[in-house]
Amino acid sequence: MPQPTPELIHARPVPRPSLWIWAGIVVVLVAMLVNGLLTNPNYHWDVVAEFLFDPRVVSALGWTLLLTVGAMLLGITLAITTAIMRMGTNPILRGVSWVYIWFFRGTPIYTQLVFWGLLPVLYPKLSLGIPFGPEWFVFDTQDVINAGVAAVLGLGLNEGAYLSEIVRSGLNSVDKGQWEASTALGMKRSTTLRRIVIPQAMRVIVPPTGNETISMLKTTSLVLAVPFTLELTFVTNAIGNRNFLPIPLLIVAAIYYLVITSILMVGQHFLEAYYGRGFDTEGTVRTKPVKGMSKRQRAILASGTVHPDPNAEVTP
Amino acid sequence: MTAMVEAKGVHKLFGDLHVLKGVDLTVEQGEVCVVLGPSGSGKSTLIRCINELEQISAGRMFVDGELMGLKEVRGRLHRLSDKEIARQRSKVGMVFQRFNLFPHMTALENVMEAPRQVRRLDKAAAERIAREQLERVGLSDRADHYPSQLSGGQQQRVAIARALAMEPDLMLFDEPTSALDPELVGEVLAVMKSLAASGMTMIVVTHEVGFAREVADNVVFMDDGVIVEQGTPAQVIDAPREARTRDFFDKVL
Ligand SMILES: Nc1ncnc2c1ncn2[C@@H]1O[C@H](COP(=O)(O)OP(=O)(O)OP(=O)(O)O)[C@@H](O)[C@H]1O
Ligand SMILES: [Mg+2]
């Protein structure tokens, strides 16, 4: 017997006038803001356009990117090394890494950068040899540590100390069972770290590291303490001051910082997707998801290999 | 012929907690030994001591005639290096209650990992072995699935394949079906039975008394860190001599 088609429900949704009221308010505010930005002569949009692709500005952008990448690479290398040292069994190495984090997190980055800049004055010669014994190689500090190297060293060493804690919490978030499984298969500690633990820890490490990278992009402007004077903030400020038009050049710099940050965010999205592989299947959730959790977080919990860590989820 | 496993007076302490209190156990080659006992009696600790996941506090543990984790030089004991212990472990497969598959790798990659990293096989050889082992546990068609895309029973079978890919002399199982939904227990036990039939030496901690009856050559009953009684399934399960053993089976049967 054919089933009679039931009368389908065509109910009106609950009216949500607040949605439209908010939309109206936002549209008006945005219009006012845009209008204010465009018509206010103090912003000198013509000057912004003139200097946006000025060769000095573009090259300054290049230096800023170089400093950011260099400092982050150094920082990540140091962070992974010191985080592993801190988790290891060697008390000397644990101590060394603790002191490193303690010192570089505990002193202002500005002061550190000034000291890196002063290094050639404090130690005019660098030598390689045995303490109190013979010296084999002697360099002029000036030649080895120029302003650019000092800037990257200063930023990178400081960043490494912060990232080290992030990496450590990432490594700790990987389930003990993963260590046991790979150990039982006969893998050495280093193989287990490289193949099993670090790839999983990356899921926890990448989001805050993206955050740190974006923060580093702007921290590079502090290298004038070295002094290193080729990066974006310094160059745009200098041009602005010379033209007596600081505001449009501040805008130029802000536009570039915003563009690079946007690109970094896209990159971070893809990195998260990569390290989330194997974790994004819904339906096999073994740990009960908490309402309001991101899909990624739920997937991580579902794998059962990491413990929920409220501090690990840092969104820029 | 040397025994596959020989535990002699094995003690294990966690700080002040005395968990194993002098365990003597012999498992011959090709034998299936099932370990039963109440929770907290030290069953997991015992099999984790066999592959050095835990260091024993006293006694000696031999696997295939080789002293585990230690060597004797001129009458003094020395700990083996990480590398030497890793080599000893690579001959002993282990299957965990919670599977512990590598979640960022597919089933095939999970099984290939140790042959690649530990046995240093090239990719093609490792993949051939991995596919053979997945076939053996009936999961050829799931090779490219991630663990999160597999049922618990399938995950545990991948974990068995992963251990077998190292071509171990001995397989340890720590409650391999305890984390599974009841309807998935059978498929894992079936794989273990066929493994037993192929002559693999196995030590199995389980609460599946039916499996013990059917497959075990030797049933070991542990309580409070000692082996209370051992023998054939018929002796230990159906006609226990010790009161503690009787109490236990009265409760679980
Ligand atoms: N790493 C450890 N540190 C401290 N105590 C431990 C550790 N591992 C096990 N124990 C203790 O040792 C005792 C025996 O534990 P074990 O896991 O071997 O028992 P079990 O027989 O496997 O029990 P179950 O059936 O619940 O798995 C328990 O009291 C446990 O709390
Ligand atoms: Mg146990």
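Right above here is the structure, for reference.
On a predicted model such as this, the values are computed, not experimentally measured, just so you know.

Here we look at the packing of helix α4 (residues 91-106) of chain A against helix α7 (residues 147-173) of chain A
Residue and element names in this part refer to chain A.
(1) Moving on: Between α4 and α7, whose axes approach to 8 Å, the crossing angle comes to 120°. Seen along the crossing, α4 lies across α7 with a hand that is left-handed. Contacts between α4 and α7 involve Y100, I101, F104 and R105 from the first element and G156, L157, N158, G160, A161, Y162, S164 and E165 from the second.
(2) Moving on: Broken down by class, the residue content of the contact of α4 with α7 amounts to six nonpolar, four polar and two charged.

Looking at helix α6 (residues 182-197) of chain B
Residue and element names in this part refer to chain B.
(1) Moving on: If you check α6, its first and last C-alpha atoms are 24 Å apart, about what 16 residues at 1.5 Å a residue would give, namely 22 Å.
(2) Moving on: Among the residues of α6, L184, V185, V188, L189, V191, M192, L195 and A196 are the ones counted as buried. One side of α6 carries all its buried residues, which in axial view fall inside an arc of 155°. Along α6, exposed side chains directed more than 90 degrees from the buried face belong to E183 and A197.
(3) Moving on: Against β3 (32-36), α4 (123-136), α5 (152-164), β9 (170-174), β10 (201-205) and α7 (209-215) lie the buried residues of α6.
(4) Moving on: Looking one or two residues past α6, G199 carries a phi angle of roughly 95°, positive in sign.

Topic: the sheet that holds strand β12 (residues 226-231) of chain B
Sheet strands pair via backbone hydrogen bonds, and the direction of the pair is either parallel or antiparallel.
Residue and element names in this part refer to chain B.
(1) Moving on: Strands sit in the order β8-β9-β10-β3-β11-β12 across an open sheet of six strands; the sheet is mixed. Edge positions in the sheet fall to β8 (92-95) and β12, since each has one partner strand and no second. When strand polarity is set aside, the average angle formed by the axes of neighbouring strands in this sheet is 20°.
(2) Moving on: Inspection of the sheet shows β3 paired to β10 by four bridges, in the parallel sense. Across the sheet, residue V32 finds its bridge partner in β10, namely M202.
(3) Moving on: Set on the sheet, α6 makes contact with β3, β9 and β10; between it and β10 the angle comes to about 150°.

Calculation criteria
Residues numbered from 1 in each chain as written. Chains lettered and ligands numbered in written order. Predicted model: local features only at pLDDT ≥ 70, side-chain atom pairs only at ≥ 80, totals over all residues. Heavy atoms only, no water. Axes fitted to C-alpha atoms, helices over the stretch in contact; angles between N-to-C directions. Helix = DSSP H or I, 4+ residues; strand = E, 2+ residues; numbered from the N terminus. Left-handed = near helix turned anticlockwise from the far one by under 90°. Contact = heavy atoms within 4.5 Å. Nonpolar A, V, L, I, M, F, W, Y, C, P; charged D, E, K, R; others polar. Expected span 1.5 Å × (residues − 1). Buried < 20%, exposed > 50% of the residue type's maximum accessible area, 1.4 Å probe, protein only. Arc of directions from axis to C-beta. Pairing = 2+ DSSP bridges.

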